[in-house]
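Below are the chains, spelled out letter by letter.
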Amino acid sequence: MSKAAAAMWQKEAEERDASDPLKEFRADFYLPNTGIYLDGNSLGLISRRAEKSLSDAVDAWRRLAVQGWEEGEPSWFYLAETLGEMLTALVGGNPGDLVVAGSTTVNLHQLLATFYRPKGQRRLIVADPLNFPSDLYALKSQLALHGQDESALRLVMPDEHGWIREEDVLKALGPEVALLLLPAVVFSSGQLLDMERITKSARSQGIAVGWDLSHSAGVVPHRLHEVDPDFAVFCTYKYLNGGPGAPAALYLSPRHRDRLPALWGWFGGDKERQFEMSPAFRPARGAGAFQIGSPHILSMAPLKGSLALLAEAGIDRVRAKSLALTGFVMALTDALLADQGVLVLTPREPKRRGGHVALRHPRAAELVPLLRRAGVVGDFRPPDIIRLCPSPLSTRFSDVLDAVLQLRAALTASSS
Ligand SMILES: Cc1ncc(COP(=O)(O)O)c(C=O)c1O
């Protein structure tokens, strides 16, 4: 690369950083000492706000002990619902439609157990093979629980680009399909699916619809109350910065507010009557009924701070910066990496991509550790994908440029 080209990209990155309306938010985050962090789609960084809400929870435990269930701020007893309400600013829905509980896979089991009811010829589940493996394991085990074998799982195969085509999803639907489960953003390619179109078509055919929003919640705005799937699940440790293993979220359509969950536990009960300790299960209304055991208060605590921070930044501004950053990754890849055989796998159209960019190279598996040694944290997904995720609140355009320059250096060093 010529010196003039390097200077031009440097200038562009600096100008974009200077005019970034969200630039002040970076100071809220602890930036890891491992280098430029482009792995927020695996684990989001800790913010000072999240650290404070975690230490407030520890302090409440110290000061209040058991009374923290009532007097903690917010009360521990209602923390799952309080955080669920905060999530509506990012993913839509109304208070009562969302709770924070369990893990993505556990919530998925609860919702599949409730909504997958094979009857007569309507017994198939439609999914895609690119969904996160844990989701596919949950689907297969739920099929087994109903005495169905894997032929009841109809997988929509990706096209020649490695993308899931919406037309192919629609073609896979029909009167023999009981349930559809898809990711809004595919974890490997970063492709964003048209949730509205798919949900509308499936629901009009009497198919129960669920979405996994793990790779989009907190970076792509969702309007669950408008799209109105039957349910959704998502983790909170990626773009929601809830911390490693933070509890997940579940959304239940208000159409099912009085639906009895398949799996019962005392935290799914009507809170006003929980301490009557009755042997009879009286469910809460809405998403709350789908919780099972006690909420993981300390693991949920950072979310209070991180969700407040995201709400302050505003999900539309977060998305606008995310698109600008991922667009910059793509432009730099075309200009500086394409001659080294690196291809962009993620769809380029803004409405078809999530918050990370997937690049393809036959030597991706060796390049990712080389990048880490050079101070750039991205990740590898088999067989040949390098994922780079510029989390909008903590990443600068100049970080993206440095990362791409390091990748170019790793490629040219390893090919010489
Ligand atoms: C799309 C998706 N679904 C499910 C999971 C699993 O989540 P959990 O470990 O909370 O069950 C992940 C984890 O990264 C994921 O990316």
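Conventions adopted
By convention here, each chain's residues receive numbers from 1 onward along its written sequence. The predicted nature of this model means local features are confined to residues of pLDDT at least 70 and side-chain atom pairs, given and counted, to a pLDDT of 80 or more, with totals for whole chains, interfaces and linings taken over all residues. Side-chain measures here rest on the full set of heavy atoms in the structure, leaving out hydrogens and waters. Only the contacting stretch of a helix is used when fitting its axis, a line to C-alpha atoms as for every element, and angles between N-to-C directions run 0 to 180 degrees. Secondary structure elements follow DSSP: runs of H or I of four or more residues count as helices, runs of E of two or more count as strands, with numbering from the N terminus. These descriptions rest on fixed angle ranges, namely under 35 degrees for roughly parallel, over 145 for roughly antiparallel, 65 to 115 for roughly perpendicular, and the rest for oblique. Residues are treated as being in contact if the distance between any of their heavy atoms lies within 4.5 Å. Gly is put with the polar residues, along with every residue not named as nonpolar or charged; the nonpolar set is Ala, Val, Leu, Ile, Met, Phe, Trp, Tyr, Cys and Pro, and the charged set is Asp, Glu, Lys and Arg. To form a nonpolar core, buried Ala, Val, Leu, Ile, Met, Phe, Trp, Tyr and Cys residues must be joined to one another through side-chain atoms within 4.5 Å. Here's how the labels work: a residue is buried when its accessible area is under 20% of the maximum for its type, exposed when over 50%, partly exposed in between, all with a 1.4 Å probe on protein chains only. Those domain boundaries reflect an automatic or database domain assignment. Strand pairing follows a simple DSSP-based rule, namely that at least 2 bridges must link the two strands. Only residues above 30% relative accessible area that lack a salt bridge enter a patch, with like-charged residues linked at up to 9 Å and the nonpolar side chains Val, Leu, Ile, Met, Phe, Trp and Tyr linked at up to 5 Å. Values of accessible area rely on a 1.4 Å probe in the Shrake-Rupley scheme; residue burial ignores everything except the protein chains shown. Here, a salt bridge means any Lys or Arg side-chain nitrogen found within 4 Å of an Asp or Glu carboxyl oxygen. Expected helix span is given by 1.5 Å per residue-to-residue step, counting one fewer step than there are residues. Each C-beta atom gives one direction from the helix axis, and the arc is the one those directions make.

The N-to-C vectors of helix H1 (residues 3–18) and helix H11 (residues 315–337) enclose an angle of 180°; their axes lie 13 Å apart at closest approach. For the element pair H1 / H11, the angle class is roughly antiparallel. Here H1 contributes Trp9, Glu12, Ala13 and Arg16 to the contact with H11, which in turn contributes Ala324, Phe328, Ala331, Leu332, Ala335 and Leu336. Taken together, the residues of the contact of H1 with H11 sort by class into 8 nonpolar, no polar and 2 charged.

The biggest cluster of nonpolar side chains holds 86 residues, and the ones touching the most others in it are Leu87, Leu179, Leu180, Trp211, Leu213, Phe234 and Leu240. There are two domains that each give this core at least three residues, and those are domain 1 (3–30 + 314–415) and domain 2 (51–312). Not counting the four nearest positions on each side in its chain, Trp211 is found in contact with Leu181, Leu182, Pro183, Ala184, Leu193, Met195, Ile198, Thr199, Pro229, Phe231, Ala232 and Val233.

Pairing between the strands of a sheet comes from backbone hydrogen bonds, and it takes one of two forms, parallel or antiparallel. Within the open sheet, the 7 strands sit side by side as E2-E8-E7-E6-E5-E3-E4. Their pairing is mixed. Edge positions in the sheet fall to strand E2 (98–101) and strand E4 (153–155), since each has one partner strand and no second. Strand after strand, the sheet turns through a mean of 20° between neighbouring axes, direction not considered. Pairing of strand E3 (residues 124–127) with E4, which is carried by 3 bridges, proceeds in the parallel orientation. By the bridge assignment for E4, Ala127 is matched with Leu155. Along the sheet, helix H5 (residues 104–115) contacts E2, strand E5 (177–183), strand E6 (208–212), strand E7 (231–234) and strand E8 (248–252); its crossing angle with E7, the most-contacted strand, is approximately 165°. This element, helix H8 (residues 195–204), spans E5 and E6 of the sheet and lies at about 155° to E6.

Moving on, we come to the sheet that holds strand E9 (residues 343–344). A sheet is described by the order of its strands in space; here 4 strands give the open sequence E9-E10-E13-E12, paired in antiparallel fashion. Whereas interior strands pair on both sides, the edge strands pair on one side only; in this sheet they are E9 and strand E12 (379–381). Pairing of E12 with strand E13 (residues 385–388), which is carried by 3 bridges, proceeds in the antiparallel orientation. Considered in E13, the bridge of Arg381 is made with Ile385. Its contacts with the sheet put H11 on E9, strand E10 (357–360) and E13, and the angle it makes with E10 is roughly 20°. The strands that helix H12 (residues 364–373) touches are E12 and E13; relative to E12, the one it contacts most, it runs at about 170°.

By secondary structure assignment, the location of Gly327 is in helix H11. Once the C-alpha coordinates of Gly327 and Pro350 are considered, the two residues, 23 residues apart in sequence, prove to be 8.4 Å apart.

This brings us to a nonpolar patch on the surface. Together, Leu54, Trp61 and Leu298 make up an exposed nonpolar region whose accessible area comes to about 280 Å². One can find Leu54 in helix H2 (residues 48–64).

Looking now at H1. With 16 residues, H1 should reach 22 Å at 1.5 Å per residue; the first-to-last C-alpha distance of 22 Å fits that figure. The set of residues buried in H1 consists of Trp9, Ala13 and Asp17. On an axial view of H1, the arc spanned by its buried residues comes to 75°, and they lie on one face. Counted as exposed and oriented over 90 degrees from the buried face of H1: Lys3, Ala4 and Ala18.

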